[in-house]
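Structural overview
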Amino acid sequence: MTEILQPGQQYPSGEHADQGTSYGRVRTEGVDTTHGAILYLEEITVSFDGFKALNNLSLDISVGELRCIIGPNGAGKTTMMDVITGKTRPTSGTVFFGQTIDLTKMTEYDIAHVGVGRKFQRPTVFEQHTVFENLELAMKMNKRVKSTLFFKLSSEQKGKIEEILTLIRLNGQERRLAGLLSHGQKQWLEIGMLLMQEPQLLLLDEPVAGMSDAETARTAELLNELRGKHSIVVVEHDMAFVTEIAREGKVTVLHEGSVLAEGTMDKVQNDERVIEVYLGR
Ligand SMILES: Nc1ncnc2c1ncn2[C@@H]1O[C@H](COP(=O)(O)OP(=O)(O)OP(=O)(O)O)[C@@H](O)[C@H]1O
Ligand SMILES: [Mg+2]
């Protein structure tokens, strides 16, 4: 299905609802990804009172890619996510979701509903609800699931929640109140809630900040399990973690609002300029 979804338009329902442009198991319904990319940032500049947080930034993310973005404090990584999600309007440049959807013309709400899921640094879960209820609520917020306030979960939907519980390492904990989880577990739950909404692109800003070493290692495992099933952009400062999830994929180094280097972790780690501005500190 390559038809383009307009803001506010419902996703198609019924038995063909899941047949998007096919890239293996990566979801792309409603988005025209015929050229293989899910996201194009083209010459994005963001000026705050003349200071360029992003400076003519261009980059593409392929369908199903797990892209890591690294770079020093203030490089513009979070600002880049703010632009993609409509929180910040660029001063100039375009952001295309697939070939035809210009995200710079859409509201934050509509961007979330065409399938861009974002995780902020601090976990935001419903603390007074159980783990299971949090995932159930997230499912109800998914525009692609026909639901009413009092809908009863089908066995397929229960199965989906079970699958996510296993993925986020919280099976057996589903009756616990989310407020009682550790910081790392809350982060996983929030990732699970995003996944319940079946995003076509998932943005994670510093997912392992504040996690224990064991939790960080499990988060790397989790992301490695999502590899190839979702299109994901991860911003992180934890280089051991980035090395673990980047594998042979591309890592982008941002510096002063532009791409300083791009390539495998091995390549960027040995890049003199990257060592000078970031890794060698
Ligand atoms: N709303 C704003 N007004 C003014 N300046 C801003 C605003 N938002 C961000 N900046 C500036 O833009 C630059 C880029 O910030 P950004 O938060 O994107 O960096 P970052 O790469 O995410 O850094 P970190 O690794 O510390 O999270 C910084 O110098 C920051 O102070
Ligand atoms: Mg940041």
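Our subject is the structure that appears above.
Residues numbered from 1 in each chain as written. Chains lettered and ligands numbered in written order. Predicted model: local features only at pLDDT ≥ 70, side-chain atom pairs only at ≥ 80, totals over all residues.

**Let's talk about the site of ligand 1**
Around ligand 1 lies a shell formed by Phe48, Ala53, Gly71, Asn73, Gly74, Ala75, Gly76, Lys77, Thr78 and Thr79. Among the elements that line the shell around ligand 1, the one with the most residues is helix H1 (residues 77–84), at 3 residues. Along the lines of polarity and charge, the residues of the shell around ligand 1 split into 3 nonpolar, 6 polar and 1 charged. (Near = placed C-beta within 6 Å. Helix = DSSP H or I, 4+ residues; strand = E, 2+ residues; numbered from the N terminus. Nonpolar A, V, L, I, M, F, W, Y, C, P; charged D, E, K, R; others polar.)

**Brief notes about the pairing of strand E1 (residues 37–48)**
Judged from the 8 bridges that link them, E1 and strand E2 (residues 51–62) form a sheet pairing that is antiparallel. Residue pairing in the sheet places Ala37 in a bridge with Ser62 of E2. Counting the residues that bridge the hairpin from E1 to E2 gives 2 residues, and of these Asp49 lies at a positive phi of roughly 50 degrees. Here E1 pairs with strand E4 (residues 92–97) via 5 bridges, running antiparallel. Across the sheet, Tyr40 pairs through a bridge with Phe96, a residue of E4. (Pairing = 2+ DSSP bridges.)

**Some remarks on the sheet that holds strand E9 (residues 251–255)**
With mixed pairing, the 6 strands of this open sheet are ordered in space as E6-E7-E8-E3-E9-E10. Each edge of the sheet is formed by a strand with only one pairing partner; in this case those strands are strand E6 (116–119) and strand E10 (258–263). Averaged over all pairs of adjacent strands, the angle between strand axes in this sheet comes to 20 degrees, irrespective of strand direction. In the sheet, strand E3 (residues 66–70) pairs with strand E8 (residues 231–235) via 4 bridges, with the strands oriented parallel. Within E8, the residue paired with Ile69 across the bridge is Val235. Here helix H7 (residues 239–246) sits on the sheet in contact with E3, E8 and E9, set at roughly 155 degrees to E3. Here helix H9 (residues 272–279) sits on the sheet in contact with E3, E9 and E10, set at roughly 120 degrees to E10. (Axes fitted to C-alpha atoms, helices over the stretch in contact; angles between N-to-C directions. Contact = placed C-beta atoms within 7 Å.)

**Some points on the sheet that holds E4**
The strand order across the open sheet built from 4 strands is E2-E1-E4-E5, with neighbouring strands paired in antiparallel fashion. A strand with exactly one partner marks an edge of an open sheet, and here the two such strands are E2 and strand E5 (101–102).

**Quick look at unusual backbone geometry**
Unlike most non-glycine residues, Glu43 shows phi in positive territory, near 50 degrees. Within the fold, Glu43 resides in strand E1. One non-glycine residue, Asp49, lies in the positive phi region at around 50 degrees. Position of Asp49 among the secondary structure elements: in the loop between E1 and E2.

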